[in-house]
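Examining the three-dimensional arrangement
So you can see what is in the structure, the chains are spelled out below.
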Amino acid sequence: MSYSRRTLSLATVILIFAALATGVWWRLRDASGGGGGETPAGPVPAAATGPDGLPLPTSASAFPADAPQPVVGAEVIRDTLWIRVRAAGQAEARRRATLTAQVEGEVRGVAVRENDPVKAGAALVEIDSTEYALAVAQAEADLRAAEAEYRQMTLFDDRIEDAEVRAQRERIARARSGLEQRRVALEQARLRLSRARVVAPFGGRVGDLRAVEGQWVNPGTELLTVVELDPIRVQVHVLEAQLGLLSEGRRAEVRFAAYPGETFVGRVQTVNPLVDPETRTGRVTVVLDNPGHRIKPGMYAEVALDAQAFPDRILVPRAAVLERGIGVRRHMVFVYKPRDERSGLAEWRYVNLGRENDDYIEIVREGPESGMLEPGEIVLVDGHHYLAHDTPAAATSSTTSTRAPCARWWWPSTSTRAAG
């Protein structure tokens, strides 16, 4: 059965009007509070404020007032604040020797492989020594002939009573027989023979092995390298403006790209008094223990060098300090005040800041704020960004005091330690 176009158009208009009427009816029904709709909201509460009467950010009331918030705390400490100099560096062996051939000949034996440990004096490469052994034998025979000629020339000199005359005849006999020349020639032959055997100049490990059996080498041909890796040095290039802050013996923290997240601790060995006129940097040498030989020469390093020390300072982790205020920004921390073994309150406290480094900030009494911290108090370092004054905080594990620069403890997880 088919319908005309007019009939279909009329049906469409009727459906549209019916839908509009239904929508209006539902809207009027909700406005009158019928049908189980939501009741109108009550009065809007006043904005939360801090202890100074300033309004908090709107997110400060996002947490229920009676629900303890899990946070992370750290102990306020009294310790030395170190200002550090940061620079890039590169690891290098404490001792490094590139061994070359001293004589020509065919390589008859290679006793080591790359990364093999070797002791001082150990044989590494053997060069064919047949020719040099024959030269030693010839020099020994020449020396014996010269000694025989010398004895013949001075056979009856012991009968000469004048000592000066005997000494003069002895000098003449030595020169004519060639005795001294033959002795020097023998020592030279023995030296060439010893150089056919390449030995380790000191204990270390083998690197850059180039020698292979059957290879013909000439004097100066590179054979291999021996490096001493424990301890290892890191050459750091420091800007000239910061060189005056450094001195030998200061602590250094080194991080290598090969070992992300791991810190190696060493000491400043030397500060080069010369400055590179092109880069305007000076070289500082740091020495690290490297018992497992994990640090390899050539590794890139990021180094933090202890430069200036400010003893007996009140310190908190950088993460503990927040900024609050409208217009004028003020620094504050949350201090944890325990109520029992498992919970407490986050107390809002404005503070004055002093010097700082990458990890810690000094809290001082001088300044516009009256708040101060004391060693042993606990400041929040995580989970505290949107808290209000006296917000309940949940402590699901007991806190313990420690003198380690900034001992941290997590709620509800187990305790950890921050890098000093």
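Residues numbered from 1 in each chain as written. Predicted model: local features only at pLDDT ≥ 70, side-chain atom pairs only at ≥ 80, totals over all residues. Heavy atoms only, no water.

Comments concerning the overall build of the chain
- Along the chain, the regular secondary structure elements total five helices and 23 strands.
- Sorting the 420 residues of the chain into buried and exposed places 34% on the buried side.
- Pairs at least 24 residues apart make up 73% of the contacts formed inside the chain by residues separated by at least 6 positions.
- Only carbon and sulfur atoms are counted for the fraction: they give 53% of the accessible area of the chain, which is about 25100 Å². (Helix = DSSP H or I, 4+ residues; strand = E, 2+ residues; numbered from the N terminus. Buried < 20%, exposed > 50% of the residue type's maximum accessible area, 1.4 Å probe, protein only. Contact = heavy atoms within 4.5 Å. Areas by Shrake-Rupley, 256 points an atom, 1.4 Å probe, with all protein chains shown as cover.)

Notes on helix 3 (residues 163–177)
- With 15 residues, helix 3 extends 21 Å between its outermost C-alpha atoms, agreeing within 8% with the 21 Å of an ideal straight helix rising 1.5 Å per residue.
- Note on helix 3: the residue one or two positions beyond its end, G178, has a positive phi of about 70°. (Expected span 1.5 Å × (residues − 1).)

Quick look at the environment of W82
- Relative to the helices and strands, W82 resides in strand 3 (residues 77–100).
- Judged by its relative accessible area of 26%, W82 falls in the partly exposed class.
- For the pair formed by W82 and D306, sequence separation is 224 residues and the distance between their alpha carbons is 6.1 Å.
- Beyond its immediate stretch of four places on either side in the chain, W82 contacts R250, D306, A307, Q308, A309 and N357.

Digging into the confidence of the model for the chain
- In this model, the chain carries an average pLDDT of 81, and 80% of its residues clear a pLDDT of 70 or more.
- In the predicted structure, residues 33–48 sits below a pLDDT of 50 and forms five contacts with residues beyond four places in sequence or in another chain.
- Under a pLDDT of 50 for its full length, residues 396–420 has, in the predicted model, 62 contacts with residues more than four places off or in other chains. (pLDDT = per-residue confidence, 0-100.)

Notes on the pairing of strand 2 (residues 72–75)
- Residues V72 and A74 of strand 2 are buried on one face, and the alternating residues G73 and E75, pointing to the opposite face, are buried as well.
- In this structure, strand 2 lies alongside strand 20 (residues 378–382), joined through four bridges in antiparallel fashion. From the neighbouring strand, A74 faces strand 20, where its bridge partner is V379. (Pairing = 2+ DSSP bridges.)

Regarding unusual backbone geometry
- Note that the residue after D230, namely P231, is joined by a cis bond; omega there is 0°.
- Relative to the helices and strands, P231 is located in strand 10 (residues 222–239).
- The phi dihedral of D312 falls on the positive side, at around 60°, and the residue is not glycine.
- Note that D312 resides in strand 14 (residues 300–317).
- With a phi angle near 60°, D390 is a residue other than glycine that sits in the positive phi range.
- Secondary-structure assignment places D390 in the loop between strand 20 and strand 21 (391–394).

Examining the nonpolar core
- Core analysis: the largest hydrophobic core is formed by 27 residues, its most contacted members being V234, V238, F256, V286, L288 and L305.
- Listing elements by their share of this core, those giving two or more residues are strand 3, strand 10, strand 11 (251–256), strand 12 (264–276), strand 13 (281–288) and strand 14.
- If one sorts the elements of this core by residue count, strand 10 sits on top with six residues.
- Each residue touching L305, except ones within four places of it in the same chain, is listed here: I83, R84, V85, V238, L246, R251, A252, V268, V284 and V286.
- Listed in part, the 21 residues of the second largest apolar core include I127, A200, A211 and V217. (Core = buried A, V, L, I, M, F, W, Y, C linked by side-chain atoms within 4.5 Å.)

Some remarks on the packing of helix 2 (residues 130–153) against helix 3
- Relative orientation of the contacting elements helix 2 and helix 3 amounts to 145°, with a least axis distance of 9 Å. When the axes of helix 2 and helix 3 are compared, the crossing they make is right-handed. Residues A146, E149, Y150 and M153 of helix 2 form the contact with helix 3, whose own contacting residues are R169, E170, I172, A173, R174, R176 and S177.
- Grouping the amino acids of the contact of helix 2 with helix 3 by side-chain chemistry returns five nonpolar, one polar and five charged. (Axes fitted to C-alpha atoms, helices over the stretch in contact; angles between N-to-C directions. Left-handed = near helix turned anticlockwise from the far one by under 90°. Nonpolar A, V, L, I, M, F, W, Y, C, P; charged D, E, K, R; others polar.)

Quick look at the packing of aromatic side chains
- Evaluation of the coordinates by the stated rule reveals four aromatic pairs.
- Between F256 and F264, the aromatic rings sit 5.5 Å apart at their centres with planes inclined by 75°, giving edge-to-face as the arrangement.
- Members of the aromatic cluster, joined through ring pairs, are F256, Y259 and F264.
- The aromatic ring of F202 is capped on one face by R95, whose charged end is 4.4 Å from the ring centroid.
- Above the plane of the ring of Y259 lies R294, whose end atom (NZ or CZ) is 4.3 Å from the centre. (Phe/Tyr/Trp six-rings, centres within 6.5 Å; stacked < 30°, edge-to-face > 60°. Lys NZ or Arg CZ within 6 Å of the ring centre and 35° of its normal.)

Considering the sheet that holds strand 6 (residues 123–127)
- Here we have four strands laid out as an open sheet, ordered 7-6-4-9, and antiparallel in their pairing. Taken across any chain shown, the strands that pair with only one partner, and hence form the sheet edges, are strand 7 (197–199) and strand 9 (216–217).
- Pairing geometry for strand 4 (residues 105–110) and strand 9, over two bridges, is antiparallel. Pairing of E106 across the sheet is with W216, part of strand 9.

Here we look at the packing of helix 2 against helix 4 (residues 179–195)
- Close contact between helix 2 and helix 4 brings their axes to 8 Å; oriented N to C, the two are set at 165°. Here helix 4 runs roughly antiparallel to helix 2, going by the angle between their axes. The element helix 2 and its partner helix 4 pack so that their crossing is left-handed. From helix 2, Y132, A133, A135, V136, A139, E140, D142, L143, A146, E147 and Y150 reach across to helix 4, where they touch L179, R182, R183, A185, L186, A189, R190, R192 and L193.
- Classifying every residue of the contact of helix 2 with helix 4 by side-chain character gives 13 nonpolar, no polar and seven charged. (Parallel < 35°, antiparallel > 145°, perpendicular 65-115°, else oblique.)

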